[in-house]
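Residues per chain, in single letters:
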Amino acid sequence: GILDRDAMGEPAGCAKLLEVLKGASEPPRYHIFGHVHTDYGVSTKPDPSLDRTVFVNGASVTNFYTIGNRKPIVLDVPLRHVGPLHPAVKPVFLG
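Quick caveat, the model's predicted, so the values are computed rather than measured. (Residues numbered from 1 in each chain as written. Predicted model: local features only at pLDDT ≥ 70, side-chain atom pairs only at ≥ 80, totals over all residues. Heavy atoms only, no water.)

Student: So what exactly am I meant to see when it comes to the layout of surface pockets here?
Tutor: One simple way to see leftover space: roll a probe sized like a water molecule over the atoms. In this structure, the largest pocket encloses a volume near 240 Å³. Around the largest pocket, the lining comprises 16 residues; the ones closest to its centre are Ile2, Gly13, Cys14, Leu17 and His31. Those elements that provide at least two residues to the lining of the largest pocket are α1 (15–23) and β1 (30–33). Top element by residues in the lining of the largest pocket is α1. It accounts for three residues. Residues that form the lining of the largest pocket fall into these classes: 10 nonpolar, five polar and one charged. The computed volume of the second largest pocket comes to approximately 180 Å³. Glu26, Arg29, Tyr30, Arg52, Val77, Pro78, Leu79 and Arg80 are the residues that line the second largest pocket. The residue makeup of the lining of the second largest pocket, split by class, is four nonpolar, no polar and four charged. (1 Å grid on protein atoms, 1.4 Å probe; cavity = no way out; pocket = protein on both sides within 12 Å on 5 of 7 lines; lining within 4 Å. Points joined across faces, edges and corners; volume = space filled by probe spheres on them. Helix = DSSP H or I, 4+ residues; strand = E, 2+ residues; numbered from the N terminus. Nonpolar A, V, L, I, M, F, W, Y, C, P; charged D, E, K, R; others polar.)

Student: Quick question: what am I supposed to make of the nonpolar core here?
Tutor: As a rule of thumb, soluble globular proteins bury nonpolar side chains together. Counting six residues, the largest nonpolar core consists of Ile2, Leu3, Leu18, Leu21, Leu50 and Phe55. If sequence neighbours within four positions are ignored, Leu18 has contacts with Gly1, Ile2 and Leu50. (Core = buried A, V, L, I, M, F, W, Y, C linked by side-chain atoms within 4.5 Å. Buried < 20%, exposed > 50% of the residue type's maximum accessible area, 1.4 Å probe, protein only. Contact = heavy atoms within 4.5 Å.)

Student: What's the story with the pairing of strand β2 (residues 41–44) in this structure? I'm lost.
Tutor: Two faces make up the sheet, and in a regular strand the side chains alternate between them. Burial of the side chains of β2 is restricted to one face: Gly41 and Ser43 are buried, whereas none of Val42 and Thr44 on the reverse face is. By the bridge criterion, four bridges tie β2 to strand β3 (residues 54–57) in an arrangement that is antiparallel. Directly across from Ser43, in β3, lies its bridge partner Phe55. (Pairing = 2+ DSSP bridges.)

Student: How do you make sense of the environment of Ala59 when you look at a structure like this?
Tutor: Note that Ala59 resides in the segment after β3. Separated by 20 residues in the primary sequence, Ala59 and Asp39 place their C-alpha atoms 8.1 Å from one another. Those residues within four positions of Ala59 in sequence are excluded, and the remaining contacts are Phe33, Gly34, Val36, His37, Tyr40 and Arg70.

As structure tokens, then:
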């Protein structure tokens, strides 16, 4: 798996989910998860078939549920404008 190692170094993620990602006609740009607490971080190009996908394990606690010793992971996601926005949507651009 990708960013899914447990405290013993064994993969603990969902193999079926990884196969679905690999088999997608257009792999996702981002795959964000966080259930496996021990393998926190970001990985790019971990697999040739998923070379455009950024994997993020954003687990906020450690394996022992300790809070506060991990920095937030921030993604700068480019916006794609594909048509008019709904009137209720108010885009905010932070610069």
